[in-house]
Amino acid sequence: MKISFLYKVILFFCTAILGMSLMGIAQVVLPTYPDSIFTTYYHQRYSLFKSFPDSKRDIIFLGNSINDGSEWAELFNDVRIKNRGISGDITTGILHRLKEVTSRKPAKVFLMIGINDLGRGVSPDSVVKNILLINDYILQESPSTKVYIESILPVNASFGKFAGQVSKGVQVLRSNELLKAAASKHRYEYIDLHSKFVDAQGLLDAKYTNDGLHLVGAGYQLWRHLIYPKVFELTAKPALIPMPKQVNWKDGYYQLKDGKTLKEQVTIQLVDGGAEGYELKVSPNQITIKAATEHGVFNAMQTLQQLARNGQTIDVVEIQDEPAFAWRGYMIDVGRNYLSMNLLKQQIDVMAKYKLNVFHFHATEDIAWRIAIKQYPQLTAPEYMLRNKGMYYTEAEIKELIAYCKARNILFVPEIDMPGHSAAFKRAMKTDMQRDSGMVYVKNILKEFCTTYDVPYIHIGADEVKITNSNFIPEITRYIQSFGKKVIGWQPGGNFLENTIRQLWMDDLGKITNDKQVQYIDSRHLYLNHMDPLEAVTTIFNRQLANRESGDSNALGAIICTWHDRAVASQEDVLNMNPVYPAMLAFAERSWRGGGQPGWIANISDGDVKGFAEFEQRLLNHQQQNFQTNASNQSDYSFPYQPHASIEWNLYDANEKYVKTVIGGTIVLRHWWAPLIKGAIDSIKPNQIWYATTQIWSEEHATKPFWIGFNNLSRSPATDSPPAFAWNEHNATVTVNGGIVPPPIWKRAGQRGNSEIPLIDEGYECREPTMIELKKGWNDVRIKIPIGKLSGKDWQNPAKYMFTFVPVVR
């Protein structure tokens, strides 16, 4: 088909403008040309687009009839996705209507255009130059927009239609080569769809088309499968947590069947093997699970659910998997702060999704006793509780929790703390547990509990207490064992029997971990209430659990714990103020895979930097897919985390002499548990000043949100709130491009610590982000960290020399 003289003139004009923009002579200016060169249908669609209300941060699919033919929002089940395809359109048509796109400041633009240009006889060079002009104008007018340029699809002349287009297979290939080569220079991402749509002869596969040019349903489904990760900012293959032991990806995908659940599409075979191990194979035609037990099948199904992330297709893959540790647990303290059944079930559901298998239920404390005991109803009477008075768990509710856990292959481990942490018992029963009368009551309670609930383990706590009756723990342990139950206790703790399973909460210098006669569970430095949200993921990911690469008959595994000692304003704050879910996913990874590094890592730089960066990408995928906010920007699942594996800081001493480079959004200069836990600077001394600098890139001049903090308060001690008009008590400062970033206006500035006064905005993750004006390009950040006493003011106010500075992008 011959190209018109007017069209040649327009192409020349567009090419000249592009050349000027590339040489830096002028901004990209769109050409103007008469409406008459475009079809009636073009104007119908364009006028419709212009009539829509203004919306920001949409995902726009821009192109010709191949885009026009899809229902993109329905295909991806996302109302943010807008179709800006017009049948018959050419690159000039896109340029003519491009302002309608850029004025909306979309989050992403997926552009496929050019086949109709080629069909009119336009050369690949000219087509690509126009496409580059489109891209450059989008980035100029909307710098934060991510542009994806998709390859022109193959064609197939065997259908005898669209002769102009389907005869241009060679030109299509050349155009795609040029687009791929220009991607880096023009700052777009090139997506190769062409190679996925061709048959053995290099033509558009007939199963994806019925006319040689346009797509049928199967074609759009393949297209969706290929670009789904780009649309939703996900890894190319499904991000699996925990990562299985062996994963072998292959080409192709399985199409999920309508009207059938995922499990109904799986063939299950019972084979010999470990209790939790499994094999999972996905082929284009079948899904097969092999496992020795129902628990193994359950684990395989959790992996399969993650593989089926887009809801319609699953990548072909072969997986062999089994856990490194038998016990992979999570503990929640409901004695100090009551949590509703719904909130407990939510946490159990997340545990199950990530293959954690022990739910440790700490239900009695000094604050309150929250387990109903029929023989002694006074234990749960409001007058004997100090918080959430009258809130406890009935027999029916505890049985419901046990069943809820069992249905998800999770072991329910109840803890009745004795003889310590038992002030609530003493208030209600008018005696101490270790006295003879107290032991009678305790045995009656345990008899009722052991005969009422089907649980194989009873945790007796037994830490942080002065033993006044040396017979108490041995006698109570034997009594529990008489009901066929196994006993667990905290270590360091009481005078346990040798067959008591120890749960480590402090470093024991190998006393227990090297004792071949004792079974143990690791919870050392796994208390989430002491951790900064970013540090929590860093330290848990790098952690070697139980001083072992993997579990054995002594090292059962590990349990992460949430001890929110301080009162909360609402039950949700237990999850909002502690990094429960980010830490839970990091722990799921480490406890399932094993490995890690001995000791305790606080900063990314001191651990597996490359491995952490890879894991963070998977973590962010799960944050987006499983912990998203809703349309009201609210989420039922608190997930305090921002990406920080690529942030580098240069550290300088008081003389502003360069010392080292460290990585992360939170940098622990000196850990409050030093020297047990290593900080970034081992040589810190009192009354010094340290500096940290980095650079933050911005595509445009804009005001953007940041998490900033200097002392992420533990939720256990009664720590003081920061002073008014300062970031912390040492007068740390933050400057960006030389300008001071003011501290928050604290709601309780200078408030003396009090366990009964809830925290509000002291943690950066619990207050509105700090808004900072950034210039286009690189922005200089400088942190000043004065050092005071290394011992801290008192035990409630430990010396924390750390800082957080990270862009809020999620």
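As a starting point, this report considers the structure included with it. It should be emphasised that the depicted structure is a prediction, and the values quoted were computed from it without experimental measurement.

1. A word on the nonpolar core
The nonpolar side chains of a soluble globular protein tend to be buried, and buried together. Residues Phe 359, Trp 369, Trp 649, Leu 669, Ile 783 and Phe 805 are the most contacted members of the largest nonpolar core, which totals 132 residues. Tallying contributions element by element places helix H21 (residues 580–593) first for this core, with eight residues. Formed by 42 residues, the second largest nonpolar core is a distinct cluster that contains Leu 118, Val 128, Tyr 137 and Leu 179.

2. Some thoughts on the packing of aromatic side chains
Scanning the model with the defined rule gives 41 aromatic pairs in all. Consider the rings of Phe 361 and Tyr 393, whose centres lie 5.2 Å apart with planes at 70 degrees: the pair is edge-to-face. Of this pair, Phe 361 sits in strand E12 (residues 358–362) while Tyr 393 sits in the loop between E12 and helix H15 (395–406), and the two are 32 residues apart along the sequence. Here Lys 146 stacks its cationic end above the ring of Tyr 148, 5.5 Å away from the centre of that ring. The aromatic ring of Tyr 404 is capped on one face by Arg 408, whose charged end is 3.5 Å from the ring centroid.

3. Describing the layout of surface pockets
Approximately 960 Å³ is the volume found for the second largest pocket. Residue lining of the second largest pocket: 42 residues in total, with Glu 464, Trp 505, Tyr 527, His 530 and Trp 673 positioned closest to the centre. Across the lining of the second largest pocket, the residue classes break down as 17 nonpolar, 11 polar and 14 charged.

4. Notes on helix H13 (residues 294–307)
Spanning 14 residues, H13 covers 20 Å between terminal C-alpha atoms, matching the ideal 20 Å at 1.5 Å per step. Of all 14 residues in H13, 12 are buried; the element is thus mostly enclosed. Those residues of H13 lying buried are His 295, Gly 296, Val 297, Phe 298, Asn 299, Ala 300, Met 301, Gln 302, Thr 303, Leu 304, Gln 306 and Leu 307.

5. Observations regarding helix H10 (residues 169–186)
In this model H10 runs 25 Å from its N-terminal to its C-terminal C-alpha over 18 residues, within 8% of the 26 Å that 1.5 Å per residue would give. The positive-phi residue at the C-terminal boundary of H10 is Arg 187, with phi of around 60 degrees.

6. Examining the side chain of Asn 779
Within the secondary structure, Asn 779 is located in strand E27 (residues 777–786). For Asn 779, the side chain forms a polar contact with the side chain of Asn 737, separated by 2.7 Å. Not counting the four nearest positions on each side in its chain, Asn 779 is found in contact with Thr 694, Gln 695, Ile 696, Ser 698, Val 736, Asn 737 and Leu 774.

7. Brief notes about the sheet that holds strand E5 (residues 189–191)
The five strands lie next to each other as E2-E1-E3-E4-E5, forming an open sheet whose pairing is parallel. Edge positions in the sheet fall to strand E2 (81–85) and E5, since each has one partner strand and no second. Going across the sheet, the axis of each strand differs from the next one's by a mean of 20 degrees, ignoring polarity. This element, helix H12 (residues 217–231), spans strand E1 (59–63), E2, strand E3 (108–112), strand E4 (146–150) and E5 of the sheet and lies at about 150 degrees to E3.

8. Comments concerning empty space enclosed by the protein
A probe matching the size of a water molecule, rolled over the atoms, marks out where space remains unfilled. The full count for this structure, using the stated rule, is three cavities of 30 Å³ or more. For the largest cavity, the calculated volume is near 70 Å³. Forming the walls of the largest cavity are Met 577, Asn 712, Leu 713, Arg 715, Leu 759, Ile 760, Glu 762, Gly 763, Glu 765 and Cys 766. When its volume is computed, the second largest cavity comes out at roughly 50 Å³. In terms of lining, the second largest cavity is formed by Asn 64, Ile 66, Met 112, Ile 113, Gly 114, Ile 115, Ile 152, Leu 153, Pro 154 and Leu 213. Of the residues that constitute the lining of the second largest cavity, the class distribution is eight nonpolar, two polar and no charged.

The rules behind the values
- Residues numbered from 1 in each chain as written.
- Predicted model: local features only at pLDDT ≥ 70, side-chain atom pairs only at ≥ 80, totals over all residues.
- Heavy atoms only, no water.
- Core = buried A, V, L, I, M, F, W, Y, C linked by side-chain atoms within 4.5 Å.
- Buried < 20%, exposed > 50% of the residue type's maximum accessible area, 1.4 Å probe, protein only.
- Helix = DSSP H or I, 4+ residues; strand = E, 2+ residues; numbered from the N terminus.
- Phe/Tyr/Trp six-rings, centres within 6.5 Å; stacked < 30°, edge-to-face > 60°.
- Lys NZ or Arg CZ within 6 Å of the ring centre and 35° of its normal.
- 1 Å grid on protein atoms, 1.4 Å probe; cavity = no way out; pocket = protein on both sides within 12 Å on 5 of 7 lines; lining within 4 Å.
- Points joined across faces, edges and corners; volume = space filled by probe spheres on them.
- Nonpolar A, V, L, I, M, F, W, Y, C, P; charged D, E, K, R; others polar.
- Expected span 1.5 Å × (residues − 1).
- Polar contact = N/O pair within 3.5 Å; in protein donor to acceptor, adjacent residues only side chain to side chain.
- Contact = heavy atoms within 4.5 Å.
- Pairing = 2+ DSSP bridges.
- Axes fitted to C-alpha atoms, helices over the stretch in contact; angles between N-to-C directions.

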